[in-house]
Amino acid sequence: MDMIQTTYFDDQKPGTSGLRKKTKVFTKKNYLENYVQCLFNSIPELIGGTLVLGGDGRYFNKEAIQKIVGMASANGVSKVILGCDGLLSTPAVSCIIRKYKADAGIILSASHNPGGIEGDFGIKLNGSNGGPVSEQITNKIYEQTKLIKNYKIVQDVHINLNILGLFDFMGMTIEIIDSVNDYANLMNSIFDFNAIKSLFSTEFTFCFDGMNAVTGPYANEIFVNRLGAPATSIINSTPKEDFGGLHPDPNHRNAREIFSMMFDGDNVDFAACSDGDGDRSIVLGKKTFVSPSDSLALLTANATLIKKYKDGILGVARSVPTSKAVDLVAKKLNIKCYETPTGWKFFGNLIDNQLITFCGEESAGAGSSHIREKDGIWAVLMWLNIIAVTKLNIPQLINKHWKEFGRHYYSRHDYEEIEESKAIYIFRAIEEKLSTLRGFVFGDETVSSAEIFTYKDPVDKSISENQGIVIELEGSSRIVIRLSGTGTAGATLRIYFEKYVTPEENLYQDTQMVLSNLINIANEITQIKDVLGKDFRKVIS
Ligand code: VG1
Ligand code: CO
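In this report, we go over the structure that sits alongside the text. (Residues numbered from 1 in each chain as written. Chains lettered and ligands numbered in written order. Predicted model: local features only at pLDDT ≥ 70, side-chain atom pairs only at ≥ 80, totals over all residues. Heavy atoms only, no water.)

**Some words on the overall build of the protein**
Inference 1: Looking only at helices and strands, one finds 18 helices and 27 strands in the protein.
Inference 2: Taking 2.2 N^0.38 as the reference for a compact globule, 541 residues should give roughly 24 Å; the C-alpha atoms of the protein span a radius of gyration of 23 Å, in line with that estimate.
Inference 3: The principal-axis extent of the C-alpha atoms belonging to the protein is close to 70 × 60 × 40 Å.
Inference 4: In the protein, which comprises 541 residues, the proportion classed as buried is 59%.
Inference 5: Intrachain contacts of the protein at a sequence separation of at least 6 include 72% that bridge at least 24 residues.
Inference 6: By element, 48% of the accessible surface of the protein is carried by carbon and sulfur atoms, the whole surface being about 20,900 Å². (Helix = DSSP H or I, 4+ residues; strand = E, 2+ residues; numbered from the N terminus. Rg over C-alpha atoms; globule rule 2.2 N^0.38 Å. Buried < 20%, exposed > 50% of the residue type's maximum accessible area, 1.4 Å probe, protein only. Contact = heavy atoms within 4.5 Å. Areas by Shrake-Rupley, 256 points an atom, 1.4 Å probe, with all protein chains shown as cover.)

**Digging into the coordination of the cobalt ion (ligand 2)**
Inference 1: In the first shell of the cobalt ion (ligand 2), the protein supplies Ser111 (OG), Asp275 (OD), Asp277 (OD) and Asp279 (OD), at 1.9 to 2.1 Å from the metal.
Inference 2: Here the donor residues of the cobalt ion (ligand 2) share one chain and are spaced in sequence as S-x163-D-x1-D-x1-D. An identical accessibility class is assigned to Asp275 and Asp279; each is buried. (Donors = N, O, S within 2.8 Å, 3.2 Å for Na, K, Ca; no water.)

**Digging into the site of ligand 1**
Inference 1: Surrounding ligand 1, one finds 21 residues, the nearest of these being Thr16, Ser111, Lys124, Thr486 and Arg494.
Inference 2: Contacts to ligand 1 include Thr486, whose side-chain N or O atom sits 2.5 Å from an oxygen atom.
Inference 3: The class makeup of the residues in the shell around ligand 1 is no nonpolar, ten polar and eleven charged. (Near = heavy atom within 4 Å. Polar contact = N/O pair within 3.5 Å; in protein donor to acceptor, adjacent residues only side chain to side chain. Nonpolar A, V, L, I, M, F, W, Y, C, P; charged D, E, K, R; others polar.)

**A few points about the packing of helix H10 (residues 292–301) against helix H11 (residues 325–333)**
The description of two helices packed together rests on the angle between their axes and the distance between the axes.
Inference 1: Remark: H10 packs on H11, axes separated minimally by 7 Å, with the N-to-C direction vectors making an angle of 15°. When the axis of H10 is compared with that of H11, the two are roughly parallel. The way H10 lies across H11 gives a crossing that is left-handed. From H10, Ser293, Asp294, Leu296, Ala297, Thr300 and Ala301 reach across to H11, where they touch Ala325, Val326, Val329 and Leu333. (Axes fitted to C-alpha atoms, helices over the stretch in contact; angles between N-to-C directions. Parallel < 35°, antiparallel > 145°, perpendicular 65-115°, else oblique. Left-handed = near helix turned anticlockwise from the far one by under 90°.)

**A look at empty space enclosed by the protein**
Inference 1: One pass over the full model with this rule turns up three cavities of 30 Å³ or more.
Inference 2: Volume-wise, the largest cavity comes out at about 110 Å³.
Inference 3: Around the largest cavity, the lining comprises 13 residues; the ones closest to its centre are Ser281, Pro292, Ser295, Ala364 and Ala379.
Inference 4: The set of elements that each furnish at least two residues to the lining of the largest cavity consists of strand E13 (281–285), H10, strand E18 (365–368) and helix H13 (376–390).
Inference 5: Among the residues forming the lining of the largest cavity, the class breakdown is nine nonpolar, three polar and one charged. (1 Å grid on protein atoms, 1.4 Å probe; cavity = no way out; pocket = protein on both sides within 12 Å on 5 of 7 lines; lining within 4 Å. Points joined across faces, edges and corners; volume = space filled by probe spheres on them.)

**With respect to the packing of aromatic side chains**
Inference 1: As enumerated under the stated definition, the model contains 19 aromatic pairs in all.
Inference 2: Ring centres 5.1 Å apart and planes at 70° place the aromatic pair Phe26 and Phe121 in the edge-to-face group. Separated by 95 residues along the polypeptide, Phe26 in helix H1 (residues 23–26) and Phe121 in strand E6 (residues 120–126) bring together distant segments of the chain. In terms of burial, Phe26 and Phe121 fall into one category: buried.
Inference 3: Here Phe208 and Phe223 contribute two aromatic rings whose centre-to-centre distance is 5.6 Å and whose plane-to-plane angle is 40°, an arrangement assigned as tilted. With Phe208 in strand E10 (residues 206–209) and Phe223 in helix H8 (residues 215–226), this pair connects stretches of sequence that are 15 residues apart.
Inference 4: Assessed through its relative accessible area of 0%, Phe208 is described here as buried.
Inference 5: The ring of Phe536 has Lys534 sitting right over it, with the charged end atom 4.7 Å from the ring centre. (Phe/Tyr/Trp six-rings, centres within 6.5 Å; stacked < 30°, edge-to-face > 60°. Lys NZ or Arg CZ within 6 Å of the ring centre and 35° of its normal.)

**Considering the pattern of salt bridges**
Inference 1: Applying the stated criterion across every chain yields a total of 30 salt bridges.
Inference 2: Of the charged contacts, one joins Asp56 and Arg58 as a salt bridge, the two residues approaching to 3.0 Å between their closest N and O atoms. Residues Asp56 and Arg58 agree in their burial class; the two are buried.
Inference 3: Residues Glu431 and Arg428 are paired through a salt bridge, measuring 3.4 Å at the closest nitrogen-oxygen approach. On the criterion of helical spacing, the pair formed by Glu431 and Arg428 is a turn pair, its members being three residues apart in helix H15 (residues 420–437).
Inference 4: Among the charged side chains, a network of salt bridges with common partners joins Arg318, Asp327, Glu339, Arg478 and Glu498. (Salt bridge = Lys/Arg side-chain N within 4 Å of Asp/Glu carboxyl O.)

**Concerning the side chain of Asn30**
Inference 1: For Asn30, the location among the structural elements is in the loop between H1 and helix H2 (31–42).
Inference 2: Looking at Asn30, its side chain comes within polar contact range of the side chain of Tyr151, at 2.5 Å.

**Notes on the environment of Met261**
Inference 1: Here Met261 is to be found in helix H9 (residues 256–263).
Inference 2: Under the relative-accessibility criterion, Met261 is labelled partly exposed at 22%.
Inference 3: Considering only alpha carbons, one finds Met261 and Thr215, 46 residues apart in sequence, at a separation of 20 Å.
Inference 4: With residues near it in sequence (within four places) discarded, Met261 still touches Cys207, Ile235, Asp266 and Val268.

Everything listed is a geometric property; what it means functionally is a separate question.
Laid out in structure tokens, this is it:
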């Protein structure tokens, strides 16, 4: 074992979902090692404990695994559980931590960010409940990154990642497990696989796009081997180091293949795709994109059709920019609906303390108490199981939902890679205006409240400040503005819009048109075009 002096003293603050940087930053001498040592220093339970380790297969995944195994051994970890070939999806890591009672999990992924030498790399840390570590631990890690002076490592580790079984590595146990099996078994315990099998044996046609990232092997095992879908229904199913040039972010800009399949063609009933590490997914029906906020609402409304949730669910939670569609369902079901900051770590306490069963985000992540992560394939199986039971297709289910609850027109606009100083300037300028916005009239819209979202955890009472600006307008419309915590270049500003219409109003209008007033209001409040000098806006959902 060697104690290496660091040559790198840059402090690193984990963002919404771990630490993400350009791959070329992560591959710099000592960079990954420094950060991983900070993780070991922040989770003392790992000394003599068990670590789950795997990643989404992107460039540097395997090398990083060899280094982390060497560091785990030098730091006194007693067992490392590895996914075969170094592959584990984020939900699978959560499942495995819980099943094998591990102390922590490290997921090597920058999730929806592109991979490859020119792309991004990232590290997520999950705790013993299977979920992303809390803000308190993230803060501890950040403090460590300011102090770190050396790290411990066994150098030049070359483990064969393809042989399943138990091995001894200098007194530490390494167990290499099938990456998919435990997760697939968990899915089988939640859903009625026979009902979905019957659905696949009808005329029903299905396509899942693995985007050349981690979900391909999971989709093949679950949809094809266990549920009988044709092998051809899984596309881009081999994990590649650069994702074959695809950008595995489940939205219409990046998941082009399934969008054109569903909007330009007519022979597939249900299409879905996931992000790089498999924790998020979108579903599409014929000429129908299911807005993730609507998806959470619809899955909640239909939960009791699913084996595991047949007796009802405890409560739900959504992140602040996610539309309030699920709030209406919760009201009808007479269960509580919590509003949290963006990022999955805030849901864990609510699930652990039996306050909620379902949770989700507008960014296409939804999940339940079965693990402590959002879960892309779980959400697809939820939809398939509901379709199998109700015999309704996606457009019919969505229509039925809107006709009962009304519709939340919803859109997110992103301003990516803008100058950080300009993003901060825009933010500060709105903050200064906040108190004067209340009661302000813009055309036929009136601001009913404008504030910075602060979250108080109902369980441990911890406070998370500065979680975005929320502007509410009379008549259930909202604008939310926040800075992304997952980008790796410049700053990304996200602006979210929603407008509610009752079942009696027009449910079938163009979303951007319905939201155009709100978009104008946001332009006026932020002065974004003037500050940036040009229009950086990208319509994401
Ligand atoms: C984005 C999404 C957020 C999600 C996060 C991690 O964060 O908006 O909803 O939880 O990515 O997802 P941000 O800070 O860039 O808006 V994953 O699938 O990339 O771990
Ligand atoms: Co992800």
